[in-house]
Each structure stands twice: as structure tokens, then as C-alpha cells.
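An overview of the molecular structure
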Amino acid sequence: SWKQERVPGGYRYASAHGSITILEQPWRLEIRDAEGRLLTRTHHLTDNETTLWPALPFSFVRRASDYARHMGPVFSLAPGEKIFGTGESFTRLDKRGPRVVLFVDDPNGAESEEMYKPIPSFMSSRGYGMFVHTSAPATFDFGKTFSGTTALMLGDDQLDLFVFLGDPKEILDEYTDLTGKAAMPPLRSFGFWMSRITYFSEQQVRDVASKLRQHRIPSDVIHLDTGWFETDWRCDYEFSPTRFADPARMIADLRDDGFRISLWQLPYFTPQNRLFPEIIEKGLAVRDPRGNVPYEDAVLDFTNPEAVGWYQEKIAGLLRLGVGAIKVDFGEAAPMNGQYASGRTGWYEHNLYPLLYNRAVAEITHEITGDNIIWARSTWAGSQRYPLHWGGDAANTDFGMAATLRGGLSLGLSGFSFWSHDIGGFTARTPEELYRRWLPFGMLSSHTRSHGAPPKEPWEYGSDFTDAFRRATELRYRLMPYVYAQAKDSSERGLPMLRALFIEFPGDPGSWLVEDQYLLGTDILVAPLME
């Protein structure tokens, strides 16, 4: 549908959606909308003739220390232009002005510029979006170094760039056609998840289930975090025999009472873990160039089919026991100096690791249970295919709550339909006043979970708070027909459930400025009380 024609100095490729002009001297790409308005263009060295600042042009960048060559595509920024996306970024929603480092990391919370979920894609308020198809580390400079340009500093020596033209809905739809639409999670996953870090015994789990029913608080899932092993945090995929006498019976009994069980795990293994010798002997862990384990812990190599098969069999055993969902925690520490079974180093595999990790759990879960559900922390482009993801270890503070919302909105602008967060924050005991304000924000999100340092159970805060908690949870369940219908629509169109206002109202300039309100689906406006 694209037609080529010769124009002065080059060629133009046009369609009903817009045009790309290639100029030869100086070499330049110009991107226009259907009306012919210039949206952005590559920055050439000759453009610096009007400024004293040596702004980087669209170029290769060669490192002096070893002559390594990387791509540095640079595009123009217009006055008033705004930039959104790049993954679950907790800083300001509009990325015009900052520099964003796209490197999967554990930021130890939601309050810094580091990200569990960086995504090398973004959209502009001028009606275009870009996706850089790479897994190498990258830095996107949106006017920080030079206010008139977007400089995409890539750790790759070639450029594979997709450009999308249209409004935000059209961009998200096309981007997720390319990288994958979110699968539709099961209905029960949209209910309330009760959790803390952590429940340590079968009796604790049964008590929580009993009290949820006793206090008439609707709930569908109880999550067991790091304490279901014999040694807290030491993941060996087996229930502690001293504290869980009959896990299969417990899971079956709770299922009869309307609860599913979710279990925490991670892909790192300390030398004290009983599985460590087997992992090393079978060569299932990432190695360094000398053939050693790069860290003290062994990190599973998800580029190794044998490691994936070994790991999925461990997960499958839990799912066959009746477990309903697996928490896909961590995944941000794939060794940069690792030599992977793929034949590549951590330079390309570090950012890709969360995607492979998400996929391994999602595929075996669907194979055993038929459900499309995980609960994951780290991601890369394409991870939206494997719902769902949550916002990490937020502080129990007003600014932790505000940053969490910005992260969720930003991730939704990067192709993720389903996202949740720890109601009340994670790190310490949640102040009751903060818990009350965070609660409706949690209930009016894609998915809903209370989790973090104890206590998180509402009855631990007293009868008045328990009543407030019940009312908020009942609101969630009364809205379930709406929530489920919106989820289905979002998954089919690549739209986020937690939706920045300008997705629905791109023609309203004010909507592009709001980062403390959102739409749940198309019709419910939510304005959390941040203080």
C-alpha cells in the first residue's frame, strides 16, 4: 500500500497513514503524518550550523578504548513535544527532559530512575511511536543533553527500528501486533489476592482463609511468599515437611472454599541449596568465560533447552499438586559477563533474560492448568504476552504510592494490558492512614493484591479498618462484569487496563499533562488521594 515517488533530493514513500522521505544530500529521513505535517526527522551534522552546541547527529559512535562501534540514531524534538513509555518508569510520566537507561535492574523499590521493566519503545504527543528491536543495553536521551533532539544511544552495532504513525490507541495496537498481545488471564485472577511476606505454615494459611470468610471479605487467591520451603528464601520447589504436613490436602481444601494458591520462587540457587550440585553437574547455570559460575549463586540459563526443561518440570510438579499460579520473582541479575548456551554473552542476554523467564513459567502453567497467568516482576519487550506483572517493592509512603502509579501508567504505554502493585507498599508495616488511601487505587487496578511486610491482613488493623476494607473489596467484585469486559477488550487491542488519560482523549492537550489520575478501562476515572 506504500507508493514511491521521486522528489527533489530524494524519494518519498507514502500511504494513507503518512509518509517517509529519504533525502540523499545530506542523508536524512523525514517522517510525516497523513496531512503532510513533519513529525520528526533525523538530525544531521549540518543541522548544528545554527547552534554552538555540538549536538550528536544520526551516526555510528566509536568507543576510543577498543574501537567498538555502536549505533546512535538521533531524531528531532519539536517545541512542546512530549514523550511517553520506555517501560515501568517511576520518574515523571513525560520523559521529555530526562535520560532513560534501558537496562533491567533491581531498583529496590519504585522511587528511583532504575527499572525492573525497561522497554525500548516510546510514543510522542505528535502522533508517532518508535520501537528499537534490540536486547543490548541502551540509553534514550529525550532532550537532556541537547533539548532539540532524541538521541537513542544503543549498545548494538546495527539498527532495527520500527516507526508507528497514529494516535496512542493505534500505536499500541500496531506495536502489540508486532511484539504480541497479552493473553487473557482467568476470571479468578481478577479477584482479590491476600498475601504478606510471608506465611510460614499450613496453619497460618488456613487461618487466613478462615478469617477472610469470617470477616466476609471476598477473595480468590492466597499467596505464599518466601516461607513455604524448609529454609526461608531457599527455593527448592518443595513444601517444608515440618510446617506443611499435607500440602495437597491443604490446596484441595482451600480450593473447595473458593481459594487458589499462588507460590513464590526465583531462578537463583545458593551453594547451600540441595539443588545446587545437580544444577552445576548438569551445566544448567550461566557460566563466565572461564567456565565458572559468575556469582556465588547459580543462575539458571534460560537459553539452554535442558535448563528450561529441568526448571519447567519443577514448576509442573507444583501445578499438578493444585497450585494455581507461580510468582516469577527477580530475574534482573543475569550475569553481564556470562557465556550463555545461546552462544551470546550477557551483553545481549541480560535484558532478554526476563522475557525467557516469563515465557518458561507461562508456557508450563498453560500446559498444565490451561490458564494464562503468572505474577512477574522483571520484563523486556514482548513480556506482555505472559500476564501478569506487578510494580515491585514500593515504599510505604505517599511518594512510593505516587511513583507506583507513574510506573503502571508508563508500562501501560509500553504495550502491557495487565499490571498490579502491592497495596499499601511493601517495605515496612503500612501506616493505616496510607493503607486506606492506597486501597481503592489497588481495587481499581487491573489486578488486586495486598502484599508486603506484615501485617497486611485488614483485621490486624481493627474492626473499623476491616469494615472499610470489606467495602472497597466489595466494590471491586460489584464491578467485575465491567472489569472482565474491559480486560477482554484491552487484551485484543493492546490497550492498558490502567490507562493514561490521553489514550482516550488525545485531542485534549490537558490530558497529556496528568500523571496522578487514570482511567480504569474506557469509562471509570480514578484519582487516588496521594496525601
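Let us look at the structure shown here.

Reading guide: rules and limits
Residues numbered from 1 in each chain as written. Predicted model: local features only at pLDDT ≥ 70, side-chain atom pairs only at ≥ 80, totals over all residues. Heavy atoms only, no water. Salt bridge = Lys/Arg side-chain N within 4 Å of Asp/Glu carboxyl O. Helix = DSSP H or I, 4+ residues; strand = E, 2+ residues; numbered from the N terminus. Buried < 20%, exposed > 50% of the residue type's maximum accessible area, 1.4 Å probe, protein only. Core = buried A, V, L, I, M, F, W, Y, C linked by side-chain atoms within 4.5 Å. Pairing = 2+ DSSP bridges. Axes fitted to C-alpha atoms, helices over the stretch in contact; angles between N-to-C directions. Parallel < 35°, antiparallel > 145°, perpendicular 65-115°, else oblique. Contact = heavy atoms within 4.5 Å. Nonpolar A, V, L, I, M, F, W, Y, C, P; charged D, E, K, R; others polar. Right-handed = clockwise from strand over helix to strand, strands pointing away. Phe/Tyr/Trp six-rings, centres within 6.5 Å; stacked < 30°, edge-to-face > 60°.

**Re the pattern of salt bridges**
A complete count under the given rule lists 39 salt bridges for this structure. The salt bridge involving Arg63 is made with Asp66; its shortest N-O contact spans 2.8 Å. In this structure, Glu433 and Arg437 form a salt bridge, with 2.6 Å as the shortest nitrogen-oxygen distance. Of this pair, Glu433 and Arg437 both sit in helix H8 (residues 432–443), four residues apart, roughly one helical turn. What makes Glu433 partly exposed here is its relative accessible area of 46%. A relative accessible area of 10% means that Arg437 is categorised as buried. Three or more residues joined by partner-sharing salt bridges are found here, namely Arg28, Glu30, Arg32, Arg41 and Asp47.

**A few points about the nonpolar core**
Core analysis: the largest hydrophobic core is formed by 145 residues, its most contacted members being Ile222 and Tyr311. Tallying contributions element by element places helix H6 (residues 346–369) first for this core, with nine residues.

**Observations regarding the pairing of strand E14 (residues 149–154)**
Among the six residues of E14, five are classified as buried, and the element is accordingly described as predominantly covered. Pairing analysis gives three bridges linking strand E8 (residues 74–76) to E14, with the strands arranged antiparallel. Residue Phe75 lies in a different strand from E14, and its bridge partner there is Thr150. Where strand E13 (residues 138–142) folds back on E14, the antiparallel hairpin that results is connected by six residues, among which Gly143 adopts a positive phi of roughly 80°.

**Considering the sheet that holds strand E27 (residues 518–520)**
Across the sheet, three strands lie side by side as E26-E27-E28; this open sheet has antiparallel pairing. A single partner strand is all that each edge strand has here, and the edge strands are strand E26 (498–499) and strand E28 (524–526). Of the pairings in the sheet, the one linking E27 to E28 comprises three bridges and is antiparallel in character. Residue pairing for E28: Tyr518 is matched across the bridge by Val526.

**Some points on the packing of helix H2 (residues 202–214) against helix H3 (residues 247–256)**
The interhelical angle for the contact between H2 and H3, taken along N-to-C directions, is 5°, at an axis separation of 11 Å. By the angle class used here, H2 and H3 are roughly parallel. For the pair H2 and H3, contact is made by Glu202, Val205, Arg206 and Ala209 and by Arg249, Met250, Asp253 and Leu254, respectively. Here the residues of the contact of H2 with H3 sort into four nonpolar, no polar and four charged.

**Some remarks on the packing of helix H7 (residues 398–412) against H8**
When two helices pack together, their arrangement is given by the angle between the helix axes and by the axis-to-axis distance. Where H7 contacts H8, the two axes come as close as 11 Å, and the packing angle between them is 10°. One finds that H7 runs roughly parallel with respect to H8. Touching Asp398, Gly400, Met401, Thr404 and Leu405 of H7 are Leu434, Arg437, Trp438 and Phe441, all from H8. Taken together, the residues that form the contact of H7 with H8 break down as five nonpolar, two polar and two charged.

**Details of the sheet that holds E14**
Across the sheet, which stays open at both edges, the four strands sit in the order E8-E14-E13-E10 with antiparallel pairing between neighbours. What marks the edges here is a single partner per strand, and that holds for E8 and strand E10 (99–102). The average undirected angle you get between the axes of adjacent strands in this sheet is 10°. Two strands pair when backbone bridges link them, and E10 and E13 are joined in this way by four bridges, in the antiparallel orientation. Paired with Leu102 across the strands is Ala138, a residue of E13.

**Section: the pairing of strand E17 (residues 221–224)**
Regular strands place side chains that alternate from one sheet face to the opposite one. Residues Val221 and His223 line one face of E17 and the alternating positions Ile222 and Leu224 line the opposite face, and both faces are buried. Pairing of strand E16 (residues 192–194) with E17, which is carried by two bridges, proceeds in the parallel orientation. Residue pairing for E17: Met194 is matched across the bridge by Ile222. Judged from the four bridges that link them, E17 and strand E18 (residues 260–265) form a sheet pairing that is parallel. Bridged to Ile222 within E18 is Ile261. A crossover connection joins E17 to the parallel E18 through H3; in handedness this β-α-β unit is right-handed.

**Quick word on the packing of aromatic side chains**
Using the criterion set out here, one finds 37 aromatic pairs in the structure. Seen from their ring centres, Phe84 and Phe502 are 4.6 Å apart, and the 45° between their planes marks the pair as tilted. Taken as a pair, Phe84 in strand E9 (residues 83–87) and Phe502 in helix H11 (residues 501–504) lie far apart in primary sequence, 418 residues in all. Each member of the pair, Phe84 together with Phe502, is buried. Between Tyr435 and Tyr461 the ring centres are 5.4 Å apart and the planes differ by 80°, which places this aromatic pair in the edge-to-face class.

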